[in-house]
Structure formats: C-alpha cells, structure tokens
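Chains, contacts and geometry: an overview
Here are the chains, one letter per residue:
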Amino acid sequence: MNVRFRIQRFDPDQDLTPHYAVYHVEVGPTTSVLDALDQIKGAQDGTLAYRHACRAGMCGSCGMLINGRNRLAC
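Right, let's walk through the structure included here.

What counts as what
Going along each chain's sequence as written, the residues are numbered from 1 onward. Per-residue local features are limited, in this predicted model, to residues with pLDDT of at least 70; the limit for side-chain atom pairs, both in listing and counting, is 80 or more; totals at the level of whole chains, interfaces and linings are taken over all residues. Side-chain metrics in this entry use all non-hydrogen atoms of the structure; hydrogen atoms and water are not considered. Among buried residues, the Ala, Val, Leu, Ile, Met, Phe, Trp, Tyr and Cys ones that are joined through side-chain atoms within 4.5 Å form a nonpolar core. Each residue's exposure class comes from its accessible area (1.4 Å probe, protein chains only) as a fraction of the maximum for that residue type: buried when under 20%, exposed when over 50%, partly exposed otherwise. Helix and strand assignments follow DSSP, with helices taken as H or I runs no shorter than four residues and strands as E runs no shorter than two, numbered in order from the N terminus. Between Lys or Arg on one side and Asp or Glu on the other, a salt bridge is scored when a side-chain nitrogen of the former is within 4 Å of a carboxyl oxygen of the latter. A pocket, in this scheme, is an open set of points on a 1 Å grid over the protein atoms alone with protein on both sides within 12 Å along at least 5 of 7 lines, while a cavity is a set where a 1.4 Å probe fits but cannot get out; residues line either one if an atom lies within 4 Å of a point. Grid points are joined across faces, edges and corners, and a volume is the space filled by probe spheres set on the points. The nonpolar class holds Ala, Val, Leu, Ile, Met, Phe, Trp, Tyr, Cys and Pro. Asp, Glu, Lys and Arg form the charged class, and all remaining residues, Gly among them, are polar. Here, two residues are considered to be in contact whenever any of their heavy atoms come within 4.5 Å of each other. The term polar contact refers here to a pair of N or O atoms within 3.5 Å; inside protein, the definition further demands a hydrogen-donor-capable atom paired with an acceptor-capable atom, and it admits residues adjacent in sequence only when both atoms are side-chain atoms.

**Some remarks on the nonpolar core**
Membership of the largest hydrophobic core is limited to 10 residues, which are Phe5, Ile7, Ala21, Tyr23, Val25, Val27, Ala36, Leu37, Ile40 and Leu48. Counting residues per element, the ones that place at least two in this core are β1 (2-9), β2 (19-26) and α1 (33-43). Core analysis: the second largest hydrophobic core is formed by 5 residues, Leu34, Cys54, Ile66 and Ala73 among them.

Encoded structure:
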C-alpha cells in the first residue's frame, strides 16, 4: 500500500516560515512510522532529520505529532 506522508519542514538558513513536504512510501502491514521515515531519509530526502533511539533502548525518544496526536513513531 502506498501512503502519503505530509511532513512539516523548516530550515532556518533557507526558510522564513515552516512549510510542508509530501512524500509517498510503500508500506506493509508491520511498517511503523519510524520505518517509513527511515525509508524517506534513505531514498527520497537525505536532509530529513528526526530524533529516535528506540532501538537503542531509550523508549520515548521517537515521540512526535502524528495525525494531530502525540504518538511514538516506533
């Protein structure tokens, strides 16, 4: 299934205000938001930055606003 990600971006060196970028990712039934972000960063936009250390045992570090609600991306 192809899912659309609308991600708010801001680069203080280039942007006056935040803006949204849209990415499309092919996902499966077990794909997490964090997995999709990794796919975007690796294949579509290497400038995408986000914090996560979930796989290093620091639960909660991948917290972000997802569909208007506070969620863990993992």
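**Considering the pattern of salt bridges**
Within this structure, the stated rule accounts for 1 salt bridge. Notably, a salt bridge pairs Arg9 with Asp45, separated by 2.8 Å at the nearest N-O pair. Placement of the pair is Arg9 in strand β1 and Asp45 in the loop between α1 and β3 (63-66), with a sequence separation of 36 residues. The exposure class of Arg9 is buried, given its relative accessible area of 16%.

**Re the layout of surface pockets**
The computed volume of the largest pocket comes to approximately 660 Å³. What lines the largest pocket is a set of 23 residues, and nearest its centre among them are Phe5, Arg6, Ile7, Leu65 and Ile66. Of all the secondary structure elements, the ones that give two or more residues to the lining of the largest pocket are β1, α1 and β3. Ranked by residues supplied to the lining of the largest pocket, first place goes to β1 with 7 residues. Its residues placed into classes, the lining of the largest pocket shows 14 nonpolar, 6 polar and 3 charged.

**A short note on unusual backbone geometry**
A positive phi angle is found at Asn67, which is not glycine, with a value near 55°. Relative to the helices and strands, Asn67 resides in the loop between β3 and β4 (69-72).

**A few points about the environment of Thr31**
Its place among the elements puts Thr31 in the loop between β2 and α1. Look at Thr31 and you get partly exposed, because its relative accessible area is 27%. Residues Thr31 and Met1, 30 residues apart in the sequence, show an inter-C-alpha distance of 11 Å. Here Thr31 is in contact with Ala36 and Gln39, once residues within four sequence places are set aside. One polar contact links the side chain of Thr31 to the main-chain amide nitrogen of Gly28, over a distance of 2.9 Å.

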